[in-house]
Amino acid sequence: MASARSLMQEENFLCSICLQVFTKPVTIPCGHNFCLHCITNYWDTLNDFVQCPLCKEQFHLKPTLRVNILIAEMAVNFNKSSEEKSSSPPKQAGNGNVLCDHCTGAKLTAVKSCLVCFMSYCQTHLEPHQRISAMKKHKLINPAENLESRMCKNHDEPLELFCQVDQMFLCASCKTKDHKTHKIVALEEEAQMRKTQLGLEKQSTDQMILARQQKILKIQHSLEASRNNAEKALKCSSHMMTAVMAYIKRSIDELTQVIETKQKKNETDAKGFTDELQVEIRQIQQKHLQLNQISLTRDPLTFLENLLPLEIASPKVKDWSDVTLKSDVFPVQAAIVKLETTVRREISMLCDPDFKEKQRHATDVTLDPDTANSSLYVSEDGKQVAHTNRKTGVPNKPERFDHVLNVLAKKGFLTGKLYYEVEIKDKTQWDVGIANESINRKGDLRLSPKNGYWTICLRKGNEFTANTNPAINLYVGEMPQKVGVFADYDEGLISFYDVDARASIFSFTDCKFTEQLFPFFSPGANDGGKNSAPLIITPVKVSASVF
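Residues numbered from 1 in each chain as written. Predicted model: local features only at pLDDT ≥ 70, side-chain atom pairs only at ≥ 80, totals over all residues. Heavy atoms only, no water.

When helices and strands are counted, the protein shows ten helices and 23 strands. A burial count over the protein gives 31% of its 547 residues as buried. Restricting the contact set of the protein to residue pairs at least 6 apart, pairs at least 24 apart contribute 56%. Approximately 35600 Å² of the protein is accessible, and the part contributed by carbon and sulfur atoms is 54%. (Helix = DSSP H or I, 4+ residues; strand = E, 2+ residues; numbered from the N terminus. Buried < 20%, exposed > 50% of the residue type's maximum accessible area, 1.4 Å probe, protein only. Contact = heavy atoms within 4.5 Å. Areas by Shrake-Rupley, 256 points an atom, 1.4 Å probe, with all protein chains shown as cover.)

This is the structure in C-alpha cells:
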C-alpha cells in the first residue's frame, strides 16, 4: 500500500494541461483528472466530439463535470503543506538561509536584520530590539546578507527608496538632493510592483504554454484524423475499384452474350436468305434450260411449231431489292471508347498512374534572360524569376517582352516529349506553360492557344484557370505547391499536374503545332510583397507513393 508521503508527492496533484496544482479538480469518465477550467477550455477547441487529452478516449456525450471533493481537499492540504514547508525556518545552519549572528553553537535562522547594528537576529536574540526604547528605533528588515551594501555610500543611511527615473536605490538624503523632481517610491512598493509585473508575465507565459500544449494536442488530433482519413480513402478506393472491376467483368460477360446472340441471329437470317435464294435460282435455271433448248432450233418453222404450243411457267420468286443483312458496327464500340476516355480522365484527376512515365521525359529547362521583361530578376543559374518593382536597365531586344512580366526558356523543341516542374509556393499570381516561338512579345498580350500560348494561371491567390478561349475555371481539392508541365509535340498534347498529389490538373488536346515550342513563365507582379516569392524551376524527382 502507498504511504501517505508518496500520495502527497507533487506529481499526483498536477493538472496535465496547465501543469499546476489542481484548481477545482474534476474526474472524467476515463478516470483522468483535470482542472475544471482547463478541461472545459480544451473541449471548447474540439469540433463534433469530446475526448480525453491523455488517453484519447472519445465520449459520445459531453460529460457533466462536478468537482471531485476528495481530490480537491487533498490538493488544498498539499498546498498548505508546501507553504508551511517553504515558510518555516530551519533549525540548523548550513541550508542557505540567513543565520542569527548572536547564536553560539548551532545557529538558528534569522527572522530580522538590523541596518543600524548590521546584524541578523533569530526570534530569541531579536527581543532587545522589541523591548528597549532606543533599539526600537532601529531599522529592521527581512533577513538579508551583506547588510553594508544596503547603506548609502554617500550618506551612510539605509537605502529605503527607489528612483523610477534613474532606476537606482536611494536613501532619504539622496531624495532631497539629486532626485527632487523624480518619481520616488519605497523599496517595498517598487518590489511589489515588480512582483505584480512578474506575476502577470508568468501568467502570460503559463497561458502561452497552455496554448501551445493545446496546439500540440490539436495537431496530434489532426494527424490522427489524417491517418483515419487516409485509411478510409484506401479502403474506399480498394472497395470501389474492386466493385467497378467486378461490374465491368459482369458487363463484359453480359455484353459478350448479347453480341454473340445478335451474331447468331444474323447467321440464321443469312442462312435462311441463302437457302431461299438457292431454291429460286434452281427454278430460274429450269426455265432458263427450257428456253435454251428451244432457242437452239435453227429452222424458223420448226422453232415456231415447238414454241407456240409450249407453256413455260414463270418461276415464283420474290423481290429481293429491299432485303439486306445488317452488318453495321456494333454501337458498343463508341460507348466503350467514351467509357475509357472518361475513366482515364477521372482517375487522372485523383492520381494519374501514368505520371511517373511522364516524369521520365524530364528536360533541363533554363530561363533566357534576353527574353525577360526588364522588371524581372532572373537568377544567375537561370532557375528562378521574380518581379523586382524596378527596371533592371537591360537593352530592349526584339525577343524581350517589353510590357508584360513574361520570360521564356533558352531552349525550345520541335519534336518528341518534354517535362519540367515549377515551384509556385507562397505565390498569389503566376502563369506557367508552353508558347510558340513566333508569339508577339511587345505590348499587352492575351494568353490563349489562338495566340500561341498553352498555359494555366493563378490570380488573387484562389482564382485558378486554364487560359483557353474562353478561360476555364479549374477546381482542385488543395492548391498545388509545385506544377508539372508535360508536352508531346507529335501528339498535340500539353498537360499540367499537381506534382505532390501526382494528379492531373488540365490538358490541352488535339493541338496543331507547326513551329518550335518554348517553356513559358510569368511570376506576376510583386503586389506590395504579397507575391514576392519567385517561380523556381526544380529538379525532377520521380514521385514516391502518396501515402
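On to the sheet that holds strand E9 (residues 168–170). Read from one edge to the other, the open sheet built from three strands follows the order E9-E8-E10, with strand pairing classed as antiparallel. Looking at strand neighbours, the two that pair on one side only are E9 and strand E10 (184–186), the edges of this open sheet. Geometrically, the sheet is characterised by an average inter-axis angle of 35 degrees between neighbouring strands, direction not taken into account. Here helix H7 (residues 187–295) sits on the sheet and contacts strand E8 (161–163), E9 and E10; the angle it forms with E10, its principal contact strand, is near 85 degrees. (Pairing = 2+ DSSP bridges. Axes fitted to C-alpha atoms, helices over the stretch in contact; angles between N-to-C directions.)

Here we take up the sheet that holds strand E7 (residues 140–141). With antiparallel pairing, the three strands of this open sheet are ordered in space as E6-E5-E7. At either end of the open sheet lies a strand with only one pairing partner, and these are strand E6 (119–121) and E7.

Next up on the list: the nonpolar core. General note: in soluble globular proteins, nonpolar side chains tend to be found buried as a group. Grouped together as the largest cluster of nonpolar side chains are 38 residues, with contacts concentrated most on Tyr420, Trp430 and Phe521. Dropping the residues within four chain positions of it, Tyr420 is found in contact with Thr363, Val365, Val432, Gly433, Ile434, Val483, Gly484, Val485, Pro519, Phe520 and Phe521. Within the second largest apolar cluster, 23 residues are counted, among which are Phe13, Val26, Ile39 and Phe78. (Core = buried A, V, L, I, M, F, W, Y, C linked by side-chain atoms within 4.5 Å.)

On the surface, a cluster of nonpolar side chains totalling about 370 Å² of accessible area is made up of Val244, Tyr247, Ile248 and Ile252. Tracing the sequence through the fold places Ile252 in helix H7. (Patch = residues over 30% accessible without salt bridge, like charges linked within 9 Å, V, L, I, M, F, W, Y side chains within 5 Å. Salt bridge = Lys/Arg side-chain N within 4 Å of Asp/Glu carboxyl O.)

Along the chain, the position of Trp430 falls in strand E15 (residues 430–436). It is 8.6 Å that separates the C-alpha atoms of Trp430 and Ala525, two residues lying 95 residues apart in sequence. Setting aside its immediate chain neighbours within four residues, Trp430 contacts Ile424, Ile456, Cys457, Leu458, Arg459, Phe464, Val483, Ser522, Pro523 and Leu535.

Here the focus is the pattern of salt bridges. Inspection of the entire model under this criterion finds 16 salt bridges. Across the salt bridge formed by Lys235 and Glu231, the nearest N and O atoms sit 3.3 Å from each other. Taken together, the residues Lys235 and Glu231, both in helix H7 and four residues apart, mark about one turn of the helix. The salt bridge involving Lys417 is made with Asp488; its shortest N-O contact spans 4.0 Å. Taken together, the residues span a long stretch of sequence, with Lys417 in strand E14 (residues 417–423) and Asp488 in strand E19 (residues 482–488) at a distance of 71 residues. Relative accessible area serves as the criterion here: at 8%, Asp488 is assigned to the buried category.

Under the definition given, this model contains twelve aromatic pairs. Between Phe355 and Tyr419 the ring centres are 6.1 Å apart and the planes differ by 75 degrees, which places this aromatic pair in the edge-to-face class. Of the two residues, Phe355 sits in helix H10 (residues 355–359) while Tyr419 sits in strand E14, which places them 64 residues apart along the sequence. Judged on exposure class, the residue Phe355 and its partner Tyr419 are both buried. Among the aromatic side chains, those forming a connected cluster through ring pairs are Phe413, Trp454, Tyr489 and Phe513. (Phe/Tyr/Trp six-rings, centres within 6.5 Å; stacked < 30°, edge-to-face > 60°.)

The next thing to look at is unusual backbone geometry. That bond from Asn469 to Pro470 is cis: its omega, 5 degrees, falls within 30 degrees of zero. One can find Pro470 in the loop between strand E17 (463–466) and strand E18 (472–473). Phi at Asp510 is positive, roughly 55 degrees, even though this residue is not glycine. One can find Asp510 in the loop between strand E21 (503–508) and strand E22 (517–522). Owing to a relative accessible area of 65%, Asp510 belongs among the exposed residues under this scheme.

In this section: the environment of Thr181. Inspection of the secondary structure puts Thr181 in the loop between helix H6 (172–177) and E10. In this structure the C-alpha to C-alpha distance between Thr181 and Val165, which are 16 residues apart in sequence, comes to 9.5 Å.

Our next topic: the side chain of Ser379. Relative to the helices and strands, Ser379 is located in the loop between strand E11 (376–378) and strand E12 (384–387). On the accessibility criterion, Ser379 (13% relative accessible area) is buried. At 2.6 Å, the side chain of Ser379 forms a polar contact with the side chain of Asp381. (Polar contact = N/O pair within 3.5 Å; in protein donor to acceptor, adjacent residues only side chain to side chain.)

Right, let's talk about the confidence of the model for the protein for a bit. Confidence along the protein averages 84 in pLDDT terms, with 88% of residues attaining 70 or more. Note that pLDDT drops below 50 for residues 1–7; the model gives that stretch four contacts with residues more than four away or on any other chain. Contacts of residues 89–95 to residues separated by more than four positions or lying in other chains number eleven contacts, the stretch itself having pLDDT below 50. (pLDDT = per-residue confidence, 0-100.)

A few words now on H7. Counted at 1.5 Å a residue, the expected span for H7 with its 109 residues is 162 Å, and the 152 Å between its end C-alpha atoms agrees. Of the surrounding secondary structure, the elements contacted by the buried residues of H7 are helix H2 (36–44), E8, E10 and helix H8 (300–307). (Expected span 1.5 Å × (residues − 1).)

Turning our eyes to something else, we now look at the side chain of Ser374. Examined against the element boundaries, Ser374 turns out to sit in the loop between H10 and E11. Look at Ser374 and you get buried, because its relative accessible area is 15%. In contact with Ser374, not counting residues within four places along its chain, are Arg390, Lys391, Thr392, Val394, Arg400 and Phe401.

This part takes up the pairing of E12. Pairing between E11 and E12: three bridges, direction antiparallel. Residue Val378 lies in a different strand from E12, and its bridge partner there is Val385. The pairing of E12 with strand E23 (residues 535–538) spans two bridges and is classified as antiparallel. Each residue of the ladder has a partner; that of Gln384, found in E23, is Ile536.

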